[in-house]
Amino acid sequence: MVSRAETSGRMGGRPVQRIAFSAEEIAARVATMGREITSHYPRGQKLLVLGLLKGSFIFLADLVREIDMPLQVDFLVVSSYGNGTVTTGDVRLVYDPEAELAGKHVLLVEDIIDSGNTINRLMPMLLRRQPLSLELCALLHKRISPPLVREARWVGFDAPPEFLVGYGLDHAENFRHLPYIASL
Ligand code: PRP
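The paragraphs below set out a description of the structure included in this document. Values in this document were obtained by computation on a predicted structure and should not be read as measured data.

### With respect to the site of the ligand
Part 1 of the reasoning: Around the ligand lies a shell of 15 residues, among which Glu-110, Asp-111, Ser-115, Gly-116 and Thr-118 are the nearest.
Part 2 of the reasoning: With respect to the ligand, the backbone of Asp-114 contributes an N or O atom lying 2.8 Å from an oxygen atom.
Part 3 of the reasoning: Here an oxygen atom of the ligand sits 3.1 Å away from a polar atom, N or O, in the side chain of Arg-176.
Part 4 of the reasoning: In isolation the ligand has 490 Å² of accessible area, and contact with the protein removes 75% of it.

### Topic: the packing of helix H2 (residues 23-40) against helix H3 (residues 57-64)
Part 1 of the reasoning: At a minimum axis separation of 9 Å, H2 and H3 run at an interaxial angle of 60°. Considering their axes alone, H2 and H3 lie oblique with respect to each other. Relative to H3, the crossing made by H2 is right-handed. When H2 is examined against H3, the residues Val-30, Met-33, Gly-34 and Ile-37 are found in contact with a partner set consisting of Phe-59, Asp-62 and Leu-63.

### Describing H3
Part 1 of the reasoning: Those residues of H3 lying buried are Ile-58, Phe-59, Leu-60, Leu-63 and Val-64.
Part 2 of the reasoning: At its buried positions, H3 is contacted by H2, strand S2 (47-53), strand S3 (71-79), strand S5 (105-113) and strand S6 (133-141).

### A short note on the nonpolar core
Nonpolar side chains in soluble globular proteins tend to be buried together.
Part 1 of the reasoning: Judged by nonpolar contacts, the single largest core of 29 residues is most densely connected at Ile-37, Phe-59, Leu-63, Leu-107, Leu-140 and Ile-181.
Part 2 of the reasoning: Breaking this core down by element, the ones donating at least two residues are strand S1 (18-21), H2, S2, H3, S5, S6 and strand S7 (154-158).
Part 3 of the reasoning: Those residues in contact with Ile-37, other than ones at most four positions away along the chain, are Leu-47, Leu-63, Ile-67, Leu-107, Cys-137 and Trp-154.
Part 4 of the reasoning: With 21 residues, the next largest nonpolar core counts Leu-76, Val-78, Met-123 and Ala-138 among its residues.

### Topic: the pattern of salt bridges
Part 1 of the reasoning: For the coordinates displayed, the defined rule picks out 8 salt bridges.
Part 2 of the reasoning: Of the charged contacts, one joins Asp-158 and Arg-143 as a salt bridge, the two residues approaching to 2.8 Å between their closest N and O atoms. Residue Asp-158 is located in strand S7, and its partner Arg-143 is located in the loop between S6 and S7; the two are separated by 15 residues in the primary sequence.
Part 3 of the reasoning: Several salt bridges converge on common partners, so that one network encompasses Lys-54, Asp-170, Glu-173 and Arg-176.

### Some points on the sheet that holds S2
Part 1 of the reasoning: The sheet built from 6 strands is open, its strands ordered S4-S3-S2-S5-S6-S7 with mixed pairing. What marks the edges here is a single partner per strand, and that holds for strand S4 (92-95) and S7. Direction aside, the axes of adjacent strands within the sheet are offset by 30° on average.
Part 2 of the reasoning: Here S3 pairs with S4 via 3 bridges, running antiparallel. Note on S4: the bridge partner recorded for Val-77 is Tyr-95.
Part 3 of the reasoning: This element, helix H4 (residues 117-127), spans S2, S3, S4, S5 and S6 of the sheet and lies at about 170° to S5.

What counts as what
Here the residue index of a chain counts from 1 through its sequence in written order. For a predicted model such as this one, the threshold for reporting local features is a pLDDT of at least 70, and the threshold for listing and counting side-chain atom pairs is 80 or more; totals across whole chains, interfaces and linings nevertheless cover every residue. Working from all heavy atoms in the structure, the side-chain values ignore hydrogens and water. When we say a residue is near a molecule or strand, we mean one of its heavy atoms is within 4 Å of it. Distance and chemistry together define a polar contact, namely a pair of N or O atoms within 3.5 Å, with one atom able to donate a hydrogen and the other to accept it when in protein, and with adjacent residues in sequence counting only for side-chain atoms on both sides. Reported accessibility uses the Shrake-Rupley method at a 1.4 Å probe radius. Residues are deemed covered only where the shown protein chains occlude them. To define axes, lines are fitted to C-alpha atoms, for helices over the stretch in contact only, and angles between the resulting N-to-C directions are given on a 0 to 180 degree scale. Strands are runs of DSSP state E lasting at least 2 residues, helices are runs of H or I lasting at least 4, and numbering of each runs from the N terminus. Every angle not falling under 35 degrees, over 145, or within 65 to 115 is termed oblique; those three ranges are roughly parallel, roughly antiparallel and roughly perpendicular. Crossing chirality is assigned from the near helix's rotation relative to the far helix, an anticlockwise turn below a right angle marking it left-handed and a clockwise turn marking it right-handed. Throughout, a contact is declared for two residues whenever any of their heavy atoms are within 4.5 Å. Three exposure classes are used, based on accessible area relative to the maximum for each residue type with a 1.4 Å probe and protein chains only: buried under 20%, partly exposed in between, and exposed over 50%. By convention a nonpolar core is built from buried Ala, Val, Leu, Ile, Met, Phe, Trp, Tyr and Cys residues, the set being connected through side-chain atoms within 4.5 Å. Basic side-chain nitrogens of Lys or Arg form a salt bridge, by our definition, when they fall within 4 Å of a carboxyl oxygen of Asp or Glu. When DSSP finds at least two bridges between two strands, those strands are taken to pair.

Quick look at the structure:
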């Protein structure tokens, strides 16, 4: 558990409601997921791990160090909104990975699946590039989305229906650096 003083410092004095997942819980779960991912892919295969920025940056960094096989890392940036402030449900690729997807085992890494819109728009785009396989790994899943185009094969935790920050997740770009996940 995180001490009150540490919480207060990183939060700039702002209190958190509660720690939803401690750094220790996250580390243990990520290590397990790394082992499961390692054993899923046949030996000798190469893996391309694609992190969806920005939210996945810490999760991805920890996860790849728990995967015991040759792999490459690249990132995607998507924009979930149209021009206005109201979501249109559109997902646009703003940064496209330089790595070729065709013929590779691709593992997409997400921090959280909420409405499922991002994944449901992105998966078909990636599938059109004909990867050898395409799997999804999400640290958190709110389980409120309609059926996903491709359900996550690996999920860290079912997320409570709260606004979560930390370990990559933000509120107005703040709090991504918390080593735990807290509800605001
Ligand atoms: C968040 C999160 C997921 C997405 C999930 O990204 O990182 O990518 O929303 O929501 P959905 O299932 O309702 O589509 P955000 O657009 O906030 O960008 P960020 O990763 O840069 O924080």
